[in-house]
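# Architecture and fold: a report
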Amino acid sequence: KMGSGLWRELYLWGWSGLATVGLATLLSVALAMCQLSRRRPRLRVVRKGLTSERPKYCCVILKGRDGRILMEQRGADAKVAKGKLTCFGGKIESGETPDECIRRECREETGWEPKKVERAVDFFVDDKLVAYFYEAEAPHSTDHLKFEVGRCGVWVGDYLHDPRVSPWHHAALKSWKLGQPRANFVTPVET
C-alpha cells in the first residue's frame, strides 16, 4: 500500500524520475524516507527469473567436484520426508535472512558451513512460494562432519532418478540441473 506524501512522490517518479535525478539520488531519497518512517528499506537485487518474495524455508544443494551432491538421509521419525533424501535446510527464523538461515542450518545439521552460497531455484508448491534453494560447494573429504542424531549424509550421483529423493527436492533439483530459476511442484490429486 503506497500511502501519501513522500512515499507516493517516490512511487510516482518511477523510471522517469530515475532518468532525471539519477540512481544515487533516488536511493538517497528512498533511504531518507525509510529513516523518517522508521521502516527498514526493502531494496533487493534479485537474479533474473527469481522472485523477490520471501519463503518460509531455505535449502542448499551441496555440489561435489565430481558432480555428485551431498544429501541428508532423513530418519524414520522425521516430521517431513520420513526416510527420504533431502537437501540440507530448514525454516527461516524471525529476524534471520535466508543466507543466515542456510549457514545456521548447515552448522546444525552437519557441523560445517559453506564459504559461499548462491540462490539458484525458487521452489513453489501449487504456485505458492515455499523455499529458496541455494547452491554451494560441498564439504571436502577432509572436512569433519557431524550429523544430527538419526540422520546422515549420503553422496548421490544420479539424484534425478534415485527413488529415495523426496518429490519436492526432486522437482527443485531437476530445475537446478536444467538451469531453471523456478520449480513448481503440483500436489497429486488423490482419487
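Residues numbered from 1 in each chain as written. Predicted model: local features only at pLDDT ≥ 70, side-chain atom pairs only at ≥ 80, totals over all residues. Heavy atoms only, no water.

All right, on to the environment of T86 then. By secondary structure assignment, the location of T86 is in strand 3 (residues 85–86). Taking relative accessible area as the criterion, T86 reaches 5% and is therefore assigned buried. With 78 residues separating them along the chain, T86 and R164 place their C-alpha atoms 8.8 Å apart. Look past the residues within four positions of T86 in its chain and what remains in contact with it is M71, E72, R74, A81, S166 and H169. (Helix = DSSP H or I, 4+ residues; strand = E, 2+ residues; numbered from the N terminus. Buried < 20%, exposed > 50% of the residue type's maximum accessible area, 1.4 Å probe, protein only. Contact = heavy atoms within 4.5 Å.)

Even without being glycine, A81 reaches a positive phi, approximately 55°. Relative to the elements of secondary structure, A81 occurs in the loop between strand 2 (69–73) and strand 3. In the Ramachandran plot, D126 falls in the positive-phi region, its phi being about 50° despite a non-glycine side chain. Topologically, D126 is positioned in the loop between strand 5 (117–125) and strand 6 (128–137). Among the residues examined, D126 registers a relative accessible area of 40% and is labelled partly exposed.

For the structure shown, the criterion picks out 16 salt bridges. When the shortest N-O distance is used, the salt bridge between R68 and D66 registers 2.7 Å. Across the pair D127 and R182 runs a salt bridge, and its minimum N-O distance is 3.2 Å. Here the residue D127 occupies a position in the loop between strand 5 and strand 6, and R182 occupies one in strand 8 (residues 182–185), the gap between them amounting to 55 residues. A relative accessible area of 55% means that D127 is categorised as exposed. Each of the salt bridges in this network shares a partner with another, and the network as a whole consists of E93, E96, R104, E105 and E108. (Salt bridge = Lys/Arg side-chain N within 4 Å of Asp/Glu carboxyl O.)

Let us now look at helix 4 (residues 167–178). Between the first and last C-alpha of helix 4 there are 17 Å, a value that for twelve residues agrees with the 16 Å anticipated at 1.5 Å per step. Listing the buried residues of helix 4 in full gives H169, A171, A172, L173, S175 and W176. Packing partners of the buried residues in helix 4 comprise strand 1 (57–63), strand 2, strand 3, strand 5, strand 6 and strand 8. Backbone geometry just downstream of helix 4 places G179 in the positive-phi region, at approximately 75°. (Expected span 1.5 Å × (residues − 1).)

By themselves these figures say nothing about function.
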